[in-house]
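Chain residues, written in single-letter form:
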Amino acid sequence: MSQTLVKTAAGWLLGLMLAVAAAIICINLVSSSVASPQQQVREYLSALQKGHGSEALGILHASVPSANAAMLDGTALQTAASKISDIKLGNAQSRGNNRVTVPMDYKIDGKALHSDFVLERTGTEWLFFGKWSFVPTSLPTIDVTAVNANQATLNGVPVNLPNGRNSFAVFYPGDYEASLTGKYFSAPATNTAVTAGTSAQTPLSLLTKPTDDLIKVVNDKVKEFLDQCAADATKQQRLQPDCPFYHVTNSRVVDGTIKWQITEYPKVSIDPFDGQWVVAPLNGKARVTAREIDLFSGLVGDLNVVHDFSFTTRLDIGADTITVTPIVSS
C-alpha cells in the first residue's frame, strides 16, 4: 500500500472518528436539554410566567378540581409565578417503571423552597431521544376565608367569597396573596406559597376590621345623639330624660336652671359577632348643673355632678348607608 493511500485512509478514519464524537456530543447535548425531563419542567414554568393557563394545564396533564378557576389564567397566574426566583433544576432521579422525579429548588420572597415534579417516559423521538411527560395529577386548592366579608382580592383579582369563604384551584409552584380594601372594612394582606400538587395548603384567612372611616361615621353619629339628648334634656328641664344619663335628688330644683353637658364621649369599638358587626357597650360621662332647694333647711345651693353612663346600640350597614340605633334602658 502506497504512503499516499495510507495517509488518505488515516485522514478518512480521523474524520470519521471526529464525526462520531461530534454526533455523540450533539446527542448528549440534545438529550440533556430539548429531550430531557427537565425541559418539560422549563416549558411548564415558562407557561406559568406568561400567564398561559391552558398551555400550563396541558403540559402538566392536570385535572381541575371542583373549585373557583379565577387563579388559573392571565394576571392572577402571572402574579403567582412572578415572585419565583433563583430556580435550580436538579438531575432526574429514577423512581422505577420509566418514571423520574425532577427536583427544583427556588425562592419566593427570599425564602428557600423546594418542589418535585414526577414525569414518565412515554416513548422515543428520532430513535435516540426519550419522550417525557408529566404524570397526570390534580391541581391543588387554597381556601380563602374572611370575617364578615363576601368579597376580597386574590393576586390582584377581585373574587367573591359566598358566606365569607371560597376555594380556588391553583398552579404550583406559586405565591398567592389575599387582601381586602374597602371604604368601611379592610384586612391586611396575607399570603401562602403553594409548593406541591397533592399536599394540603394552609388556608388564607383574612382578619377583617372596620376602617377609620367607619369608626368616624359611627363616632359622629353617637356624638350627635348624645349632644342632642343633652340639649333636649336641658330644653325640657328634666333630671331624668330619655337618655343614657340621669340624676336623682330629694331636693327641689329651681325651674330654668337645669343644664346637661357631655364631658366625656364614648370610645367607639366595632367587633365581629355571630356573623355581624356590633358596637361594644358605650361608656361616657355627663355633667348636670342646676340650682336646688333643700327641702329640710330651705337653703338654696348649686348642683354640679358628673355621672357615668353606659348604653348599647344596634349597627346596620347597607350598601350606601350606616344606621346607628341607640338602645337606652328605661
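Each remark here, short or long, concerns the structure printed above.
Summarised in this report is the structure supplied together with it. (Residues numbered from 1 in each chain as written. Predicted model: local features only at pLDDT ≥ 70, side-chain atom pairs only at ≥ 80, totals over all residues. Heavy atoms only, no water.)

### Section: the overall build of the chain
- Along the backbone of the chain there are five helices and 22 strands.
- Expressed as a percentage of its 330 residues, the buried residues of the chain come to 35%.
- Once local pairs closer than 6 in sequence are excluded, the contacts in the chain between residues at least 24 apart make up 54%.
- Accessible area of the chain: about 19000 Å², with a carbon and sulfur share of 52%. (Helix = DSSP H or I, 4+ residues; strand = E, 2+ residues; numbered from the N terminus. Buried < 20%, exposed > 50% of the residue type's maximum accessible area, 1.4 Å probe, protein only. Contact = heavy atoms within 4.5 Å. Areas by Shrake-Rupley, 256 points an atom, 1.4 Å probe, with all protein chains shown as cover.)

### Some remarks on the state of the cysteines
- In this structure the tally under the stated criterion is one disulfide.
- Note that Cys 229 is cross-linked by a disulfide to Cys 243, the S-S spacing being 1.9 Å. Judged by the torsion about the S-S bond (-110°), the Cys 229/Cys 243 disulfide is left-handed. Taken together, the positions of Cys 229 in helix 5 (residues 212-236) and Cys 243 in the loop between helix 5 and strand 16 (252-253) put the pair 14 residues apart, joining distant regions of the chain. The exposure classification of Cys 229 matches that of Cys 243, with both residues buried. (Disulfide = S-S within 2.5 Å.)

### A short note on the sheet that holds strand 10 (residues 157-160)
- With antiparallel pairing, five strands are arranged side by side in an open sheet as 10-9-12-13-15. Single-partner strands in this sheet number two, and they are strand 10 and strand 15 (209-210).
- Across seven bridges, strand 12 (residues 174-181) lies against strand 13 (residues 185-194) in antiparallel orientation. Opposite Glu 177, over in strand 13, you have Asn 191 as the bridge partner. (Pairing = 2+ DSSP bridges.)

### Details of the pattern of salt bridges
- If you walk through the whole model with that rule in mind, you get 10 salt bridges.
- Between Arg 238 and Asp 242 there is a salt bridge; the shortest N-O distance is 3.7 Å.
- Note on Arg 238: relative accessible area 29%, which makes it partly exposed.
- Connected through shared salt-bridge partners, Lys 83, Asp 109 and Asp 175 make up one network. (Salt bridge = Lys/Arg side-chain N within 4 Å of Asp/Glu carboxyl O.)

### Considering the pairing of strand 8 (residues 141-146)
- Relative to strand 11 (residues 165-169), strand 8 is paired through five bridges, and the arrangement is antiparallel. Bridged to Asp 143 within strand 11 is Ser 167.
- Here strand 8 pairs with strand 14 (residues 204-206) via three bridges, running parallel. Across the sheet, Ala 146 pairs through a bridge with Leu 206, a residue of strand 14.

### Here we look at the packing of aromatic side chains
- Evaluated as defined, the whole model comprises 10 aromatic pairs.
- Seen from their ring centres, Phe 225 and Phe 311 are 5.6 Å apart, and the 50° between their planes marks the pair as tilted. Taken together, the residues Phe 225 in helix 5 and Phe 311 in strand 21 (residues 300-317) connect sequence positions 86 residues apart.
- Taking the relative accessible area as the measure of exposure, Phe 225 reaches 21% and is therefore partly exposed.
- According to the relative accessible area criterion, Phe 311 is buried, its value standing at 4%.
- By way of ring pairs, the aromatic residues Tyr 44, Phe 117, Phe 134, Phe 171 and Tyr 172 are connected into one cluster. (Phe/Tyr/Trp six-rings, centres within 6.5 Å; stacked < 30°, edge-to-face > 60°.)

### Some points on the sheet that holds strand 11
- Taken in spatial order, the three strands line up as 11-8-14 in an open sheet, and their pairing is mixed. Where the open sheet ends on each side, the last strands, each with one partner, are strand 11 and strand 14. Neighbour-to-neighbour, the strand axes of the sheet open up by a mean angle of 15°, direction not taken into account. (Axes fitted to C-alpha atoms, helices over the stretch in contact; angles between N-to-C directions.)

### Digging into the environment of Ala 35
- With respect to the helices and strands, the residue Ala 35 is situated in the loop between helix 1 (3-32) and helix 2 (37-50).
- Residue Ala 35 is classed as buried on the basis of its relative accessible area, which comes to 9%.
- Taking C-alpha positions, Ala 35 is 6.5 Å from Lys 131, a pair spaced 96 residues apart along the chain.

### Brief notes about the layout of surface pockets
- Of the pockets and cavities examined, the largest pocket occupies roughly 350 Å³.
- Looking at the largest pocket, it is lined by 13 residues, and the ones nearest its centre are Asn 148, Ala 149, Asn 150, Phe 185 and Trp 277.
- Here the residues of the lining of the largest pocket sort into seven nonpolar, five polar and one charged. (1 Å grid on protein atoms, 1.4 Å probe; cavity = no way out; pocket = protein on both sides within 12 Å on 5 of 7 lines; lining within 4 Å. Points joined across faces, edges and corners; volume = space filled by probe spheres on them. Nonpolar A, V, L, I, M, F, W, Y, C, P; charged D, E, K, R; others polar.)

### A few points about the packing of helix 2 against helix 4 (residues 74-82)
- At a minimum axis distance of 6 Å, the contact between helix 2 and helix 4 shows a crossing angle of 120°. Judged by the inter-axis angle, helix 2 sits oblique to helix 4. Two secondary-structure elements touch here, helix 2 through Leu 48, Gln 49 and Lys 50 and helix 4 through Leu 77, Gln 78 and Ala 81.
- Among the residues making up the contact of helix 2 with helix 4, the classes are represented as three nonpolar, two polar and one charged. (Parallel < 35°, antiparallel > 145°, perpendicular 65-115°, else oblique.)

### Quick word on the packing of helix 2 against helix 3 (residues 53-60)
- The geometry of helix 2 relative to helix 3 is characterised by a closest axis approach of 8 Å and an angle of 160° between their N-to-C directions. Relative to helix 3, helix 2 is oriented roughly antiparallel. Where helix 2 crosses over helix 3, the two elements pack in a sense that is left-handed. Within the contact between the two elements, helix 2 uses Gln 40, Glu 43, Tyr 44, Ala 47 and Leu 48 and helix 3 uses Glu 55, Ala 56, Ile 59 and Leu 60. (Left-handed = near helix turned anticlockwise from the far one by under 90°.)

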